[in-house]
Amino acid sequence: HKIKSSKRKPSQKQAVQQYKFKLLNQFFSPMAPVLDVGFRGFTDRATGKNVAFRYNYDHAFVADGDQIKLNYPVLKFSHGSLYTAGAEKAWAYGEGVKVTWDPKTYGVGGAMDDVGYAIVYSVSSDFFTCETALRHEGEVHVPFGEKTRGSDVHVWLFFADSKGKQASRTEYIPLTDAEET
């Protein structure tokens with residue numbers, strides 16, 4: 001049984017939907033293994049990337065004039081009830097980004113051995129990287145091959161428990177120019 005391909009040009013609305021689909025899919029593709037961790041509680045019937053796509057699609061885009069772009073601060077790489085951390089900060093640090101958080105759990109749905117996933121993305125170079133550290137360490141340095149400055153770089157953080165069963169929601173962390181004490 002052969003599927004016929006349509007020779008008709010897509011309508012404007014269809015073209016926009018196709019573009020959004022492609023944009024979000026390409027964005028999440030390099031982070032598929034991280035998404036499998038972040039959406040583990042929802043992957044019985046789908047991959048983490050597919051769950052992330054469905055979870056983010058309705059709020060992932062912003063119109064900039066006649067262009068459609070990703071709305072980076074609202075994108076999520078995880079979902080769950082594990083405790084986030086609080087006091088999250090990120091700043092350019094040498095050839096990379098330093099991400100810090102409150103290492104204490106106060107016994108509220110988090111453990112010292114939870115793994116923090118710090119995700120950094122550069123729009124201009126279309127480059128993703130992710131580094132992990134244990135919650136009790138309170139920080140991680142994410143090496144980045146270029147000087148990281150300005151609104152071009154986006155940072156997210158989430159935690160997963162050491163047993164691989166739970167994840168926290170994703171926190172978007174605005175990048176600051178220097179460590180603020």
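In this text, all values refer to a predicted model and were calculated from it rather than measured experimentally.

Visitor: Summarise the packing of aromatic side chains; cite the residues concerned and give the values.
Guide: Considering all chains together, one arrives at 18 aromatic pairs under this definition. Between F27 and F128 the ring centres are 4.9 Å apart and the planes differ by 55°, which places this aromatic pair in the tilted class. Linking F27 in helix α1 (residues 12-28) with F128 in strand β6 (residues 127-134), this pair joins segments that are 101 residues apart in sequence. The two residues F27 and F128 agree in class, both being buried.

Visitor: So what's going on with the packing of α1 against helix α3 (residues 48-56)? Which residues, and what values?
Guide: Closest axis-to-axis distance for the α1/α3 pair is 10 Å, and the angle between their directions is 135°. Looking at the two axes, α1 sits oblique to α3. Handedness of the α1/α3 crossing: right-handed. On α3, the residues that touch F21, L24, N25 and F28 of α1 are K49, A52, F53 and N56. The residue makeup of the contact of α1 with α3, split by class, is five nonpolar, two polar and one charged.

Visitor: An account of the nonpolar core is needed here, citing residue identities and associated values.
Guide: Membership of the largest hydrophobic core comes to 29 residues, with the highest contact counts inside it found for L24, F27, F77 and W156. Apart from the residues within four sequence positions on either side, L24 is in contact with F53, N56, Y57, A60, F61, L70 and L75. Within the second largest apolar cluster, 18 residues are counted, among which are L82, V120, V153 and I173.

Visitor: How would you sum up the sheet that holds strand β9 (residues 171-173)? Please name residues and give values.
Guide: Paired through their backbone hydrogen bonds, the strands of a sheet run either parallel or antiparallel. Here four strands make up an open sheet; going across it, the order is β6-β5-β8-β9 and the pairing antiparallel. Among the strands making up the open sheet, the edge pair consists of β6 and β9. Sheet twist, expressed as the average angle between the axes of neighbouring strands with direction ignored, equals 25°. In this structure, strand β5 (residues 115-122) lies alongside strand β8 (residues 153-160), joined through eight bridges in antiparallel fashion. Looking across to β8, one finds that G116 is bridged to F159.

Visitor: How would you summarise α1 if you had to cite specific residues and measurements?
Guide: An α-helical turn contains 3.6 residues, so any two residues separated by three or four positions project in the same direction. Taking 1.5 Å per residue, 17 residues should reach 24 Å; α1 reaches 24 Å between its end C-alpha atoms and fits that length. What α1 keeps buried is the set K20, L23, L24, F27 and F28. Projected onto a plane normal to the axis of α1, the buried residues spread over an arc of 120° and lie on a single side.

Visitor: Give me the lowdown on unusual backbone geometry, citing residues and values where you can.
Guide: In this model, A87 sits at a positive phi of 55°, which is unusual for a non-glycine residue. By the element assignment, A87 lies in the loop between β2 (67-70) and β3 (89-92). A positive phi angle, close to 50°, is found at D126, a residue other than glycine. Assignment of secondary structure puts D126 in the loop between β5 and β6.

Visitor: Now, about the sheet that holds strand β4 (residues 96-100): what can you tell me, with residues and values included?
Guide: As summarised here, the arrangement of the four strands in space is β7-β4-β3-β10, forming an open sheet in which the pairing is mixed. The outermost strands of the open sheet, each flanked by one partner alone, are β7 (139-143) and β10 (175-176). Where β3 meets β10, two bridges bridge the pair, whose relative direction is parallel. Across the sheet, residue A90 finds its bridge partner in β10, namely L175.

Visitor: Can you tell me about the pairing of strand β1 (residues 61-64), naming the residues and giving the values?
Guide: Each regular strand carries side chains that alternate between the two faces of the sheet. Looking at chain direction, β1 and β2 are connected through four bridges and run antiparallel. Bridged to D64 within β2 is Q67. From the end of β1 to the start of β2, which pair antiparallel, there are two residues, and G65 there has a positive phi angle of about 65°.

Visitor: Any details on the layout of surface pockets? Residues and values, ideally.
Guide: Of the volumes computed, that of the largest pocket is approximately 240 Å³. The residue makeup of the lining of the largest pocket, split by class, is ten nonpolar, two polar and two charged.

Reading guide: rules and limits
Residues numbered from 1 in each chain as written. Predicted model: local features only at pLDDT ≥ 70, side-chain atom pairs only at ≥ 80, totals over all residues. Heavy atoms only, no water. Phe/Tyr/Trp six-rings, centres within 6.5 Å; stacked < 30°, edge-to-face > 60°. Helix = DSSP H or I, 4+ residues; strand = E, 2+ residues; numbered from the N terminus. Buried < 20%, exposed > 50% of the residue type's maximum accessible area, 1.4 Å probe, protein only. Axes fitted to C-alpha atoms, helices over the stretch in contact; angles between N-to-C directions. Parallel < 35°, antiparallel > 145°, perpendicular 65-115°, else oblique. Left-handed = near helix turned anticlockwise from the far one by under 90°. Contact = heavy atoms within 4.5 Å. Nonpolar A, V, L, I, M, F, W, Y, C, P; charged D, E, K, R; others polar. Core = buried A, V, L, I, M, F, W, Y, C linked by side-chain atoms within 4.5 Å. Pairing = 2+ DSSP bridges. Expected span 1.5 Å × (residues − 1). Arc of directions from axis to C-beta. 1 Å grid on protein atoms, 1.4 Å probe; cavity = no way out; pocket = protein on both sides within 12 Å on 5 of 7 lines; lining within 4 Å. Points joined across faces, edges and corners; volume = space filled by probe spheres on them.

All quantities given are derived from atomic positions and should not be read as evidence of function.
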